[in-house]
Every structure is written in C-alpha cells, then in structure tokens.
Amino acid sequence: MAGTDTLTWKEFGEDHLAELTRLAEACLAADGGLPLFARTPLLRARLLQTRTLGAWHDGGLVAAVGVGLGGQPATSTGLVHPDWRGRGLGGRLLTWAGEQAGDADLLLTTESWSPGADVLFTGRGFERTFTEWVQRHDLHAIPSVARPESVTTEPVTLGPELFETYSASFADRPGFASPSAEEWLGELGEDDEYRADLSLIARGPDGAAVGFVNVTDNWVDQVGVVPGWRGRRVGAYLVACALRGLAGDGVGEAWLCVNDNNPAAELYRRLGFQDAGRRARYLRRRS
C-alpha cells in the first residue's frame, strides 16, 4: 500500500476535469449521493473555486479540495478517494481549507456524504445544518396510486398560480425563505431540462390549485400540497403521474432529493424509491 509520502500536493484547474470526474465517480460509487456531482457543471461549481489543492499519486488525483472566497461564509468541498481514506488526507484538506478561509465562517458542502466525513467535520467544530436523502426509482415498476376523489390534474403553466401554489405548499416549512415570483418562475423557464409537459398542477372540485409537481430532466424536482389538502394522497398521485410520464418517454430511472427530517421521505419509499446516499452542509462560525 502506497504511503502518503508518495503523494504530490499541488493545485488543480480546468485542465483536470477528467481527473476530478473520476475522483467524484469513485466517491459516489462508495458512498452514494447526488449523481449530478460527477457532471462537469456541478464539479466546476463545487471544486474549481478560488483556491484548490489536490493530492496526486502516479498521475492520478486521489484527494481534492476547493475553497471559494470573497463571500460570507467562505465555501469548501473536498473529496478523498475511497482507497486512500484512513490516512489523514481528509483532515489535511480540511485544515488547509480553514487556513484559506481565514477569519470568515466556513460552509462545507458534500454531495456524497459518508459517516467518516461526518465524524471528521463535527470533530473539528462544524455543525451539520442540512441533510438530504438522495433517492432513486427504477421506472420498470411504476406505483399504482388511485386518483383522489374530486381531484383533476393538468400540465403546469409557468405563471402566478404555479408560484402561489408553491408558496402555499412550503410556507409552513421551518426555514422557508420564499423567493420572488419573478426569480422562481424565471429559474424554471431558463432551465433547458425543465419538463413543463410532465410537470402537473392538481385542482380541487372548485378548480382551485391544491398541489403541484415539477419535473426536471429525470428528476422529481419539487412536490407540494397546500395544507388543507394534505393526507388525501394528492402528493403520491402527482409523483406517480410524473413517474408514469417519464417511463412513457423511455426513461429508465427517476431521482429526487428529500430532507432527512421530512415525513415525505417515507412516502417516496412506499412509492418505490430507494435510498441512494445523502448530501449535507456543515457550518463553522468564527464569531
């Protein structure tokens, strides 16, 4: 087994995206997590930050960290190849990230969470502020959910009603910070992978919107039900419809993320989603 004295430490950049991709894929294979993390846009955002440091062995990248400066808090994402864990590399990356952050608070982002990382981060004084399950559904088996009585569905229209349904569905969630309608609708409209044809709004007998589901690529991106209509299978029905639509397009799998303290996680499991890892955020305040 090669020792850490065989490593070369140096910065990495845009020219090393292939190596970063292989490292992210190895971590996802071992720990699960957000599969989008191995794609170039998210790799760039998380790792090609203001300052970078990588550990190289025989031309391969075995550990990497990026630190984003200039904001409050500073941000950082790090990875250690599964074959190189247990040798102190994660601690070295974390120490270096803290040095780069200086007096700023430091927010750690992990899209491929592991118990070992949790022990390291919390042991260094970081508080876990956010955790999500990443869940996958094999679309060869679509759940059967009966349409709730008096409920109809139709494809969404990007407009005020959809935003108002979103806001009403999430306003009572702890920490919910509502964006403006212009921001929220604009983000959906500018996303080339947003599936307005598969995204649905649900209506009650009086025609008022009671829930919605947004689909982006093969992701069930958001599901919401207004408080007065919860517990009537509206959310389950919307998700099942979205899965059926994706399967009809020949898509083989669907994904979603759900906060680990959200009761909907159990609903999704009953609908056939399986846990495929977690993602998390950790914060250390200097003041």
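A brief structural summary. All values derive from a computational prediction rather than experimental measurement.

With that out of the way, let us pick up the overall build of the chain. Tallying secondary structure elements over the chain gives eight helices and 12 strands in all. Its C-alpha atoms give the chain a radius of gyration of 21 Å, near enough to 19 Å, the size a compact globule of 287 residues would have. The dimensions of the chain, computed from C-alpha atoms along their principal axes, are 70 × 45 × 30 Å. Relative to its 287 residues, the chain shows a buried fraction of 50%. A separation of at least 24 residues holds for 73% of the contacts in the chain among residues at least 6 apart in sequence. In the chain, 28 side chains carry a positive charge and 38 a negative one; their mean positions are 5 Å apart.

Turning our attention to the packing of helix H1 (residues 17-31) against helix H2 (residues 40-47). Between H1 and H2, whose axes approach to 11 Å, the crossing angle comes to 95°. Between H1 and H2, the angle is such that the two are roughly perpendicular. Here Leu17, Leu20, Thr21 and Ala24 of H1 lie close against H2, whose contacting residues are Thr40, Leu43, Arg44 and Leu47. A class-by-class count of the residues in the contact of H1 with H2 yields five nonpolar, two polar and one charged.

To describe a pair of aromatic rings, you give the distance between the ring centres and the angle between the ring planes. In the structure shown here, the tally under the stated rule is 10 aromatic pairs. Consider the rings of Tyr166 and Phe212, whose centres lie 6.3 Å apart with planes at 80°: the pair is edge-to-face. Taken together, the positions of Tyr166 in helix H5 (residues 160-170) and Phe212 in strand S9 (residues 209-216) put the pair 46 residues apart, joining distant regions of the chain. In terms of burial, Tyr166 and Phe212 fall into one category: buried. Ring geometry for Trp184 versus Phe212: centroids 6.4 Å apart, planes at 85°, classification edge-to-face. On the criterion of sequence distance, the pair formed by Trp184 in helix H6 (residues 181-190) and Phe212 in strand S9 is long-range, its members being 28 residues apart. Each member of the aromatic cluster is reached from another via a ring pair, and the members are Phe163, Tyr166, Phe170, Trp184 and Phe212. Its end group placed over the ring of Trp9, Arg92 keeps NZ or CZ at 3.9 Å from the ring centre.

With that out of the way, let us pick up the layout of surface pockets. Computed from the structure, the second largest pocket encloses a volume of approximately 470 Å³. Of all elements in the fold, only H1, strand S4 (74-80), helix H3 (89-101), strand S5 (106-110) and helix H4 (115-123) reach the threshold of two or more residues within the lining of the second largest pocket. Ranked by the residues each element gives to the lining of the second largest pocket, the list is headed by H3, at six residues. For the lining of the second largest pocket, the class distribution of residues is 13 nonpolar, 12 polar and three charged.

Our next topic: the nonpolar core. If you look at the biggest cluster of nonpolar residues, it comprises 32 residues, and the most contacted ones within it are Val234 and Tyr268. The set of elements that each furnish at least two residues to this core consists of strand S8 (200-203), S9, strand S10 (219-225), helix H7 (234-248), strand S11 (253-259) and helix H8 (264-270). Ranked by residue count, the leading element in this core is H7, at 10 residues. Leaving out residues up to four positions away in the same chain, Val234 has contacts with Pro148, Val151, Ala202, Val210, Val225 and Trp229.

What counts and what doesn't
- Residues numbered from 1 in each chain as written.
- Predicted model: local features only at pLDDT ≥ 70, side-chain atom pairs only at ≥ 80, totals over all residues.
- Heavy atoms only, no water.
- Helix = DSSP H or I, 4+ residues; strand = E, 2+ residues; numbered from the N terminus.
- Rg over C-alpha atoms; globule rule 2.2 N^0.38 Å.
- Buried < 20%, exposed > 50% of the residue type's maximum accessible area, 1.4 Å probe, protein only.
- Contact = heavy atoms within 4.5 Å.
- Lys, Arg positive; Asp, Glu negative; His and termini not counted.
- Charge placed at Lys NZ, Arg CZ, Asp CG, Glu CD.
- Axes fitted to C-alpha atoms, helices over the stretch in contact; angles between N-to-C directions.
- Parallel < 35°, antiparallel > 145°, perpendicular 65-115°, else oblique.
- Nonpolar A, V, L, I, M, F, W, Y, C, P; charged D, E, K, R; others polar.
- Phe/Tyr/Trp six-rings, centres within 6.5 Å; stacked < 30°, edge-to-face > 60°.
- Lys NZ or Arg CZ within 6 Å of the ring centre and 35° of its normal.
- 1 Å grid on protein atoms, 1.4 Å probe; cavity = no way out; pocket = protein on both sides within 12 Å on 5 of 7 lines; lining within 4 Å.
- Points joined across faces, edges and corners; volume = space filled by probe spheres on them.
- Core = buried A, V, L, I, M, F, W, Y, C linked by side-chain atoms within 4.5 Å.

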